[in-house]
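# Examination of the molecular architecture
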Number of protein chains: 2
Amino acid sequence: MNQSHRYCVIMCGGIGSRFWPYSRTNMPKQFIDFLGTGRSLLQMSYDRILPIVPKENIVILTNAQYADQVKAQLPDLTDNQILLEPARRNTAPCIAWAAYHIAAIDPEASMIVTPSDHLITREAEFERAVTDGFNFVEANDALLTLGIAPTRPETGYGYIQVGEEVEGAIHKVKTFTEKPNLELAQTFLRTGEFFWNSGIFLWKASSIINALAACSPDLNAVFESGRSEFGTDRERTFIAQAFPSCLSISIDYAVMERASNVYVQTVTFGWNDLGTWSALYDMSPKNRDGNVTQRCQVLAYNSTGNIFAVKDDKLIVVDGLNDYIIADSGDVLLICPKSQEQRIKQMVNDAKVNYGDKYL
Amino acid sequence: MNQSHRYCVIMCGGIGSRFWPYSRTNMPKQFIDFLGTGRSLLQMSYDRILPIVPKENIVILTNAQYADQVKAQLPDLTDNQILLEPARRNTAPCIAWAAYHIAAIDPEASMIVTPSDHLITREAEFERAVTDGFNFVEANDALLTLGIAPTRPETGYGYIQVGEEVEGAIHKVKTFTEKPNLELAQTFLRTGEFFWNSGIFLWKASSIINALAACSPDLNAVFESGRSEFGTDRERTFIAQAFPSCLSISIDYAVMERASNVYVQTVTFGWNDLGTWSALYDMSPKNRDGNVTQRCQVLAYNSTGNIFAVKDDKLIVVDGLNDYIIADSGDVLLICPKSQEQRIKQMVNDAKVNYGDKYL
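Just so it is clear, the structure is predicted and the values come from calculations on it, not from any experiment.

## Thoughts on the overall build of chain A
When helices and strands are counted, chain A shows 11 helices and 15 strands. Here the C-alpha atoms of chain A give a radius of gyration of 21 Å, agreeing with the 21 Å that 2.2 N^0.38 yields for 360 residues. Along the first, second and third principal axes, the C-alpha atoms of chain A reach 60 × 50 × 35 Å. Classification of the 360 residues of chain A by burial places 57% in the buried group.

## Topic: the interface of chain A and chain B
In this assembly, 36 residues from chain A lie in contact with 36 residues from chain B. Approximately 2900 Å² of surface area, both sides summed, lies buried where chain A meets chain B, with 56% of it carried by carbon and sulfur atoms. The largest per-residue losses of area from chain A upon contact with chain B belong to Leu315(A), Asp319(A) and Leu333(A), which jointly make up 22% of the total buried on that side. The tally of links between chain A and chain B comes to 6 salt bridges. There are 26 residue pairs in polar contact (both at pLDDT 80 or more) connecting chain A and chain B. Residues belonging to the side of chain A that touches chain B are distributed by class as follows: 21 nonpolar, 7 polar and 8 charged. In this structure, strand 13 (residues 307-319) of chain A lies alongside strand 15 (residues 332-337) of chain B, joined through 4 bridges in parallel fashion. Within strand 15 of chain B, the residue paired with Val317(A) across the bridge is Leu334(B).

## A short note on the side chain of Glu138(B)
In this structure, Glu138(B) sits in helix 4 (residues 123-139). Residue classification places Glu138(B) among the buried positions, given a relative accessible area of 19%.

## Notes on the packing of helix 3 (residues 91-105) of chain B against helix 7 (residues 217-224) of chain B
Residues and elements named next belong to chain B. At their nearest, the axes of helix 3 and helix 7 sit 10 Å apart, and the two run at 40 degrees to each other. Considered as vectors, helix 3 and helix 7 are oriented oblique to each other. In this structure, the crossing between helix 3 and helix 7 has a hand that is right-handed. Contacts from Ala 92, Pro 93, Ala 96, Trp 97 and Tyr 100 of helix 3 reach helix 7 at Leu 219, Asn 220, Phe 223 and Glu 224. Within the contact of helix 3 with helix 7, the residues separate by chemical class into 7 nonpolar, 1 polar and 1 charged.

## Focus: the relation of the copies chain A and chain B
Least-squares fitting of chain A to chain B yields an RMSD of 0.0 Å, with the superposition described by an axial translation of 0.1 Å and a rotation of 180 degrees. In the structure described here, the two chain copies are related by an operation that fits a two-fold rotation axis. Closest approach to the rotation axis within chain A is made by the C-alpha atom of Gly330(A), at a distance of 3.8 Å. Here 100% of the interface residues in chain A have copies in chain B that are interface residues too; the copies meet face to matching face.

## Here's the deal with the confidence of the model for chain A
Looking at chain A, the pLDDT average stands at 93 and 100% of residues meet or exceed 70. In the model output, the complex is listed with pTM 0.79 alongside ipTM 0.78.

## Observations regarding empty space enclosed by the protein
Residues and elements named next belong to chain B. Counted by the stated rule, this structure contains 1 cavity of 30 Å³ or more. Space inside the largest cavity adds up to approximately 30 Å³. Residue lining of the largest cavity: Ser 45, Arg 48, Ile 49, Thr 114 and Phe 126, and that is the complete set. Split into classes, the residues belonging to the lining of the largest cavity amount to 2 nonpolar, 2 polar and 1 charged.

## Notes on the nonpolar core
Residue and element names in this part refer to chain B. Residues Met 111, Leu 143, Trp 203, Ile 208, Phe 223 and Val 255 are the most contacted members of the largest nonpolar core, which totals 49 residues. Top contributing element to this core by residue count: helix 3, with 10 residues. The contacts of Met 111, once residues within four sequence positions are left out, are Tyr 7, Val 9, Ala 98, Ala 99, Ile 102, Phe 134, Phe 201, Leu 202, Trp 203 and Ala 205.

## A word on the pattern of salt bridges
A complete count under the given rule lists 32 salt bridges over all chains for this structure. Measuring nitrogen to oxygen at the nearest pair gives 2.8 Å for the salt bridge that ties Asp331(A) to Arg24(A). You can see Asp331(A) sitting in the loop between strand 14 (324-328) and strand 15 (332-337) and its partner Arg24(A) sitting in the loop between strand 1 (6-11) and helix 1 (41-49), a full 307 residues away along the chain. Among the residues examined, Asp331(A) registers a relative accessible area of 28% and is labelled partly exposed. When the shortest N-O distance is used, the salt bridge between Glu224(B) and Arg227(B) registers 3.2 Å. Taking relative accessible area as the criterion, Glu224(B) reaches 34% and is therefore assigned partly exposed. Overall, the relative accessible area of 42% leaves Arg227(B) in the partly exposed class. Connected through shared salt-bridge partners, Lys314(A), Asp328(A), Lys314(B) and Asp328(B) make up one network.

## Things to note about the packing of aromatic side chains
All names here are of chain A. All chains considered together, the criterion is met by 34 aromatic pairs over all chains. Here the aromatic rings of Tyr 100 and Phe 230 are separated by 5.5 Å at their centres, their planes lie at 35 degrees, and the arrangement is tilted. Of this pair, Tyr 100 sits in helix 3 (residues 91-105) while Phe 230 sits in the loop between helix 7 (217-224) and helix 8 (235-242), and the two are 130 residues apart along the sequence. A residue is classified by how much of its surface remains accessible, and Tyr 100, at 2% relative accessible area, is buried.

## Side note on the environment of Asp282(A)
All names here are of chain A. Tracing the backbone shows Asp 282 in helix 10 (residues 277-283). Residue classification places Asp 282 among the exposed positions, given a relative accessible area of 54%. The spacing of Asp 282 and Gly 305 is 23 residues in sequence and 9.7 Å in space, taken between C-alpha atoms.

## Let's talk about the pairing of strand 9 (residues 194-204) of chain B
Along any regular strand the residues' side chains alternate between the sheet's two faces. All names here are of chain B. With respect to burial, strand 9 is a largely interior element, 11 of its 11 residues being buried. The sheet contact formed by strand 4 (residues 110-115) and strand 9 spans 4 bridges and is antiparallel. Bridged to Met 111 within strand 9 is Trp 203. Pairing geometry for strand 6 (residues 143-148) and strand 9, over 4 bridges, is antiparallel.

## Structural notes on the packing of helix 3 of chain B against helix 6 (residues 205-215) of chain B
Residue and element names in this part refer to chain B. Remark: helix 3 packs on helix 6, axes separated minimally by 9 Å, with the N-to-C direction vectors making an angle of 135 degrees. The orientation of helix 3 relative to helix 6 falls into the category oblique. Of the two elements, helix 3 crosses helix 6, and the hand of that crossing is left-handed. Between helix 3 and helix 6, the contacting residues are Ile 95, Ala 96, Ala 99, Tyr 100 and Ala 103 on the first element and Ala 205, Ile 208, Ile 209 and Leu 212 on the second. Across the contact of helix 3 with helix 6, the residue classes break down as 9 nonpolar, no polar and no charged.

## Things to note about the environment of His118(A)
Residue and element names in this part refer to chain A. Here His 118 is to be found in the loop between strand 4 (110-115) and strand 5 (119-121). Between the alpha carbons of His 118 and Val 318 there is a distance of 30 Å; along the sequence they are 200 residues apart. With residues near it in sequence (within four places) discarded, His 118 still touches Leu 41, Arg 48, Ser 198, Trp 271, Asn 272, Asp 273 and Leu 274. A polar atom in the side chain of His 118 sits 3.3 Å from the side chain of Trp 271.

## Describing the state of the cysteines
Residue and element names in this part refer to chain B. Taken as a whole and assessed by the stated rule, the structure comprises 0 disulfides over all chains. As a non-bridged cysteine, Cys 94 has Cys 12 as the owner of its nearest cysteine sulfur, 10.0 Å distant. Classification of Cys 94 as buried rests on a relative accessible area of 4%.

So, how was this worked out
Residues numbered from 1 in each chain as written. Chains lettered and ligands numbered in written order. Predicted model: local features only at pLDDT ≥ 70, side-chain atom pairs only at ≥ 80, totals over all residues. Heavy atoms only, no water. Helix = DSSP H or I, 4+ residues; strand = E, 2+ residues; numbered from the N terminus. Rg over C-alpha atoms; globule rule 2.2 N^0.38 Å. Buried < 20%, exposed > 50% of the residue type's maximum accessible area, 1.4 Å probe, protein only. Contact = heavy atoms within 4.5 Å. Buried area = accessible area lost by both parts, 1.4 Å probe. Salt bridge = Lys/Arg side-chain N within 4 Å of Asp/Glu carboxyl O. Polar contact = N/O pair within 3.5 Å; in protein donor to acceptor, adjacent residues only side chain to side chain. Nonpolar A, V, L, I, M, F, W, Y, C, P; charged D, E, K, R; others polar. Pairing = 2+ DSSP bridges. Axes fitted to C-alpha atoms, helices over the stretch in contact; angles between N-to-C directions. Parallel < 35°, antiparallel > 145°, perpendicular 65-115°, else oblique. Left-handed = near helix turned anticlockwise from the far one by under 90°. Least-squares fit on C-alpha atoms with pLDDT ≥ 70 in both. pLDDT = per-residue confidence, 0-100. 1 Å grid on protein atoms, 1.4 Å probe; cavity = no way out; pocket = protein on both sides within 12 Å on 5 of 7 lines; lining within 4 Å. Points joined across faces, edges and corners; volume = space filled by probe spheres on them. Core = buried A, V, L, I, M, F, W, Y, C linked by side-chain atoms within 4.5 Å. Phe/Tyr/Trp six-rings, centres within 6.5 Å; stacked < 30°, edge-to-face > 60°. Disulfide = S-S within 2.5 Å.

Here it is, written out as structure tokens:
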């Protein structure tokens, strides 16, 4: 298959509040060199797709407030490749816009949709899997998601139960289950039939538009009404009025859990959604003392199991602290047990109530 | 008594390593607005003595590296009032120099010697006590120290046992005991005969010089050999070569514990040497949640008994932390249980070994 009809949509509008204050509203997770590699997570996502999709076919979907960061981090892209959402509406409206936009440019387009803030390792396996996926969706009217073999009974993810094998690693989807309880997740893990939903999707632009029309007709109608505007100078004006009117809904709820032509490709590349401090701790290399440090020096006494994430070249000296998150953004310092990290969103909210937007 | 023969020596050369990193080598404790009053501890020491001693009779003894800070914080002083030590030699050489310097200017001088980094409250009582002390040492060949009624069995201080009362609150000294163990300190507290050595001394310049000659003849000989230089343009040249040759020794060891004409005046003003984080915590006003904050905002969850000392207007969010010191100087963050604060000096040393002087 010729690459020229292959497109990539990188979703880049998240605000990263779970990593506050290391990640801030004006500089969320995807724009941070989170792994100290010299490239941000967005840049790593872009680099990873370059061997697979022509550069001019890469489209970034992000909130309007991040336009400058995207341009600064991906200077090779033209302004036409950066679609700025005028409001936050979860993934379904975002993907619908991208599909209509790309279909207007290239009616034969196939596309991969990927988050910008996940970690993927073993990139050769990623490249091979995505190429297989493109070949499948180009030959079939199929909505394909990449499934990750689970390694723990994680309760924060969506699980996909695989059905009959269609070809290679590609199966029909039997069920979707969002955020199971621990007992259920443990059962899922034992059966070997369940895979994590990576949030990486492949399909033809025409296939996802057809599926939107069938599964979420109200949402689809918003974009269908602007069909003549996409790919023209009038597209942004249309989006400015139409996009905020969309319901905020995920593509999983809007389409994947309702459509009949849904497939999962089980993959073997390394994947981590970096969704929590604990996830970042688990996948990061540890110091001799069992601590993880991001961009800082640490002198640790009687302290292990901590993750230190600090701007620039700061020295942290810590005594008698175990299994904590220590995150410092310059004007905010967070010290919180890893086991309490689900409270961080509440803390961000409390900071907003007490101090306004200053520390967000 | 006419004030014009009364002098004040403020000792201002400490490096404040116990409060690292809030206090840094280039900005030690005495130069910090430690209590958030808008005045540094040095400035508060200066303000406190102004009603008692003529401004032009106030002399600051400090290390040469702090000349700029002293001038910036006390702009009313002339350069002649700031004596710059070319080396660190503890309090005895410092006081000997000050005494010879003042005696050369005014052979009839009496003087108070005071640290620059203690907290004193009830300043009217301080003024009354110091005036009484001046009157006593001007009428007698006496070495007088101010004694604080102890409120706890502190093992880090020197204790003075009072002997017979001479007049008012002034007694002969029976014994000095430096840093007793806990059991002894508890006994001291019970008897009511023991007072903390405040490190504030009064005497005539001639009395302390005579005492130095009798008790520490080697040290005295260094300064005696330069008798003709003090108060002249040659004083600093003389000090540059003579001062570094002195042994490093405290005035307590060099004179007070050996002389026979030693007296203690028990005083009633509030006193705290701010020698430890715990001392600062104990004397500071607490938030509703039992935390102390210095120059920062704190959102505390399940956290009490902590002291937060941070530069400027930072927000600290903390969960599940009790009885810790959290000190942040911008490029260094310390998190340490209050109970472990005696280890901070070792931590400073480790930081030096690992990173050089960068973080000191």
